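The lines below spell out each chain.
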Amino acid sequence: MKKLLLLATGGTITAVQGEEGLAPGMDAEELVSFLQAKDQSVQLESKLLMNIDSTNMQPESWVEIAKAVYENYPHYDGFVITHGTDTMAYTSAALSYMLQNLSKPVVITGSQIPINYKKTDAKKNVMDAIRFACEDTGGVFLVFDGRVIRGTRAVKIRTKSYDAFESINHPYVAYINESEIKYVNAKPAKSSRKLKLDASLCPDVFLLKLLPGTKPELFSQLKPLYKGVIIESFGNGGIPFQGRDLLPKVRELISSGIAVVISTQCLEEGEDLNLYEVGRKVAQDKIILSGDMNTEAIVPKLMWALGKTDDLDEVKNIMEKPINHDTSL
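No experiment lies behind these values; they were computed from the predicted model shown. (Residues numbered from 1 in each chain as written. Predicted model: local features only at pLDDT ≥ 70, side-chain atom pairs only at ≥ 80, totals over all residues. Heavy atoms only, no water.)

Counting secondary structure elements, the chain contains nine helices and 18 strands. Considered along the principal axes of its C-alpha atoms, the chain spans approximately 65 × 50 × 30 Å. Put simply, the chain has 329 residues, and 52% of those count as buried. Taking the average place of the 37 positive charges on the side chains of the chain and the average place of its 42 negative ones, the gap between the two points comes to 3 Å. (Helix = DSSP H or I, 4+ residues; strand = E, 2+ residues; numbered from the N terminus. Buried < 20%, exposed > 50% of the residue type's maximum accessible area, 1.4 Å probe, protein only. Lys, Arg positive; Asp, Glu negative; His and termini not counted. Charge placed at Lys NZ, Arg CZ, Asp CG, Glu CD.)

In structure tokens:
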């Protein structure tokens, strides 16, 4: 019999109607009580970690979740984490970095509609997550609408539809149809090494989305506040250098000891700074390249890297090294 632990963190799945709208209002036992008759081969225990809308999720919350998995790891065969959808992809990526060498599945899920509504996707998503948490595999996975996604590759692209999440720049891990799991490729391998909790995060990271007309002076305001800046640029990732020239300010950030990551606003295929002049001019500096990582992975990965070191060369090495399939080689 598989023994699983469900860790509840709030979100739409536990929401109830209040005077000011929907807000998390159920504890873990109430959540589990809505599930259909449990599989007799699974022993499910539950615990409420926090009860918040995922919009209020903080990096410190990620650490709390990671520690809960780590502390309970010897006692369970797998873990299900229920979570709000808005920041679920950030959390799944963060756990993929903080929980190293997993030999058991850590599955994160939630719903678009509260579990106490007559028409809801919550029951299916949780039951699918429980089913996948029984698999003989290891890693962090996001399960939603019958799809299994690597924790570092999930992106929420729809605000209301049941198929809210997609796997970006990476194949789905598997599809779930009731009790049947069909893997797209080989079943993910589980680590043979001892689990390591690596939860030192530096939350002083800023995400800047460029637009035509971005003022260079903005960069000066970031220097005293942040240790890392992620620039979501256009297309393949170039930086404007005519008209409002941003390149001197980018170099100024780096010379001040701030880690600068270049990404793209395009959802698929990633950056390529070598393709155009606007990219090659910036690539000559100590810029961190993000490849085809999604923003939801870049943000926690940079916090994680900066939690380890202030050395920009080392931060660059960590960021550009593929970890848990977060970027393609």
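Now that the structure has been shown, the text picks up again.
Our focus in this paragraph is the UniProt feature "active site" (unreviewed entry) in the chain. This chain's UniProt record puts "active site" (unreviewed entry) on T85. Take T85: it is sitting in the loop between β5 (78–82) and α3 (88–98). Residue T85 is classed as buried on the basis of its relative accessible area of 5%. At 3.5 Å, the side chain of T85 forms a polar contact with the side chain of Q112. (UniProt positions renumbered as here; feature names shortened; annotations may be inferred. Polar contact = N/O pair within 3.5 Å; in protein donor to acceptor, adjacent residues only side chain to side chain.)

Reading across the sheet, the eight strands line up as β4-β1-β5-β7-β8-β9-β12-β13 and stay open at both edges, with mixed pairing between neighbours. Each having just a single partner strand, β4 (42–52) and β13 (180–183) make up the two edges of the open sheet. Each adjacent strand pair in this sheet contributes to an overall mean axis angle of 25°, direction not counted. Where strand β1 (residues 2–10) meets β4, eight bridges bridge the pair, whose relative direction is parallel. (Pairing = 2+ DSSP bridges. Axes fitted to C-alpha atoms, helices over the stretch in contact; angles between N-to-C directions.)

Overall, the coordinates contain 16 salt bridges when judged by the stated rule. Of the charged contacts in the structure, one is a salt bridge between E45 and K3, with a shortest N-O distance of 3.9 Å. Here E45 is found in strand β4, whereas its partner K3 is found in strand β1, with 42 residues between them in sequence. The partner of D163 in a salt bridge is R158, with the nearest N and O atoms 3.5 Å apart. Each member of the salt-bridge network shares a partner with another, and the members are R147, R158, D163 and E166. (Salt bridge = Lys/Arg side-chain N within 4 Å of Asp/Glu carboxyl O.)

Right, let's get into the pairing of strand β9 (residues 147–150). A two-sided burial pattern is seen for β9, the buried positions comprising R147 and I149 on one face and V148 and R150 on the other. Between the antiparallel neighbours strand β8 (residues 139–144) and β9 lie two residues, among them D145 with a positive phi of about 55°. Bridge count for β9 against strand β12 (residues 174–177) is two bridges, and the pairing is antiparallel. Bridge pairing in β12 places R147 opposite Y175.

Counted according to the given criterion, the structure contains eight aromatic pairs. Between Y97 and W304 the ring centres are 5.5 Å apart and the planes differ by 25°, which places this aromatic pair in the stacked class. With Y97 in helix α3 and W304 in helix α8 (residues 295–306), this pair connects stretches of sequence that are 207 residues apart. When its relative accessible area of 4% is taken as the criterion, W304 is described as buried. (Phe/Tyr/Trp six-rings, centres within 6.5 Å; stacked < 30°, edge-to-face > 60°.)

This part covers the side chain of T120. On the secondary structure map, T120 appears in the loop between β7 (105–109) and α4 (122–133). For T120, the side chain forms a polar contact with the main-chain oxygen of I113, separated by 2.8 Å. What T120 contacts, discounting residues up to four positions off in sequence, is I113, P114, I115 and Y162. (Contact = heavy atoms within 4.5 Å.)

On to the environment of F165. Within the secondary structure, F165 sits in strand β11 (residues 165–167). With 42 residues separating them along the chain, F165 and K123 place their C-alpha atoms 17 Å apart. With residues near it in sequence (within four places) discarded, F165 still touches T85, M88, A89, L142, F144, R147, I149, A154, V155, K156 and Y172.

Here we take up the packing of helix α2 (residues 59–72) against α3. Two elements in contact, α2 and α3, have axes separated by 10 Å at closest approach and are oriented at 55°. Between α2 and α3, the crossing angle belongs to the class labelled oblique. By crossing handedness, the relation of α2 to α3 is classed as right-handed. Along its contact with α2, which presents W62, V63, I65 and A66, the element α3 presents Y90, T91, A94, L95 and M98. Each residue belonging to the contact of α2 with α3 can be placed in one class, and the counts come to eight nonpolar, one polar and no charged. (Parallel < 35°, antiparallel > 145°, perpendicular 65-115°, else oblique. Left-handed = near helix turned anticlockwise from the far one by under 90°. Nonpolar A, V, L, I, M, F, W, Y, C, P; charged D, E, K, R; others polar.)

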